[in-house]
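Residues per chain, in single letters:
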Amino acid sequence: MEAIILAGGKAERLGAAAGGRPKALVPVAGRPLAAYQVALLCSAGVDRVIVSCSAGTEDAFVTELSGLGAEIVPAPEPEPLGRGGGLRLAAAARKERGDVLALNGDELVDLDLGAMLARHRETAAAVTIAVARVESPFGIVDLGEGDVVTSFREAPELPHWVSSGVYVLGEEAVERLPERGDHEDSTFPELASEGRMRAFRQTGLWLTVNTPKDLRRAEEVLSSEAALTLVGRLG
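Cut-offs used in this document
Residues numbered from 1 in each chain as written. Predicted model: local features only at pLDDT ≥ 70, side-chain atom pairs only at ≥ 80, totals over all residues. Heavy atoms only, no water. Buried < 20%, exposed > 50% of the residue type's maximum accessible area, 1.4 Å probe, protein only. Helix = DSSP H or I, 4+ residues; strand = E, 2+ residues; numbered from the N terminus. Pairing = 2+ DSSP bridges. Axes fitted to C-alpha atoms, helices over the stretch in contact; angles between N-to-C directions. Contact = heavy atoms within 4.5 Å.

Asks: What's the story with the pairing of strand β11 (residues 162–169) in this structure? I'm lost.
Replies: By the criterion of burial, β11 is predominantly enclosed, with six of the eight residues buried. Bridge count between strand β6 (residues 100–104) and β11: four bridges; the pairing is antiparallel. Bridge pairing in β11 links Leu-101 to Val-168.

Asks: Please clarify how the environment of Arg-31 should be interpreted in this entry.
Replies: Structurally, Arg-31 can be placed in strand β3 (residues 31–32). C-alpha separation for the pair Arg-31 and His-120, spaced 89 residues apart in sequence, amounts to 31 Å.

Asks: Explain the sheet that holds β6 here, please?
Replies: Taken in spatial order, the seven strands of this open sheet run β5-β4-β1-β6-β11-β8-β12, and their pairing is mixed. The open sheet is flanked by β5 (71–77) and β12 (197–201), the only strands paired with a single partner. Within the sheet, the average angular offset between the axes of one strand and its neighbour, ignoring direction, is 25°. Sheet topology places strand β8 (residues 127–132) next to β12; five bridges connect them, and they run parallel. Among the inter-strand pairings, Ala-130 is bridged to a residue of β12, identified as Phe-200. Contacting β1 (2–7), β4 (48–54), β5 and β6, helix α1 (residues 33–43) crosses the sheet at an angle of about 165° to β1. Contacts from helix α2 (residues 58–65) reach β1, β4 and β5, with the element oriented near 160° to β5.

Asks: Please explain the pairing of β1 as it appears in this structure.
Replies: Within a regular beta strand, the side chains point alternately toward one face of the sheet and then the other, so they alternate between its two faces. Most of β1 sits inside the fold, with six of its six residues counted as buried. Of the pairings in the sheet, the one linking β1 to β4 comprises six bridges and is parallel in character. If you follow Leu-6 over to β4, its bridge partner there is Ser-52.

Written as structure tokens, this is what we have:
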């Protein structure tokens, strides 16, 4: 089984907290962020991980992510291609055609990839995406008739599903990825309009690391009992 990690992010919003590293290699609890993803992929039987990265960072990814149970194969972009273009370039480095797992490299995520793959194959979808609920970043004010304030709710879970950046891509989807740009602006809407996409509901950990605040939150989460499985995969 092969997988792709999108790791072209430059960590601009992390600023000095990134220490000059690509975002996916910023350490969280003493390990590169992408190491947790590689360990998760290995637990699902993946033995070859293709890393879509910026040109010039190839050696860093091989050095930092090797020894976790999978071959690390960098796929450097000669110039920024966007997430969809990066996926397409990385997919060209596969040894075999067929289903491939893909993850965004700036997220901590814990879900049952085996179950997700099984659902993808059961439904014969072109793409299956992991979706999660999110909490409101603000408190919610409930209003009644005449704009009477009836209650306050602090950061409640919203009644919407969002993509958590984990996909199973079938060959049809790979062939339709853009050469440049974002697949969630082109390929995915097209496949959704054709009824060729399915969702896999995620209830486990999902945390995107974009800012120093996110990084501190990730450190806190990985030091908690809730993340023991995620950390344990790294030995």
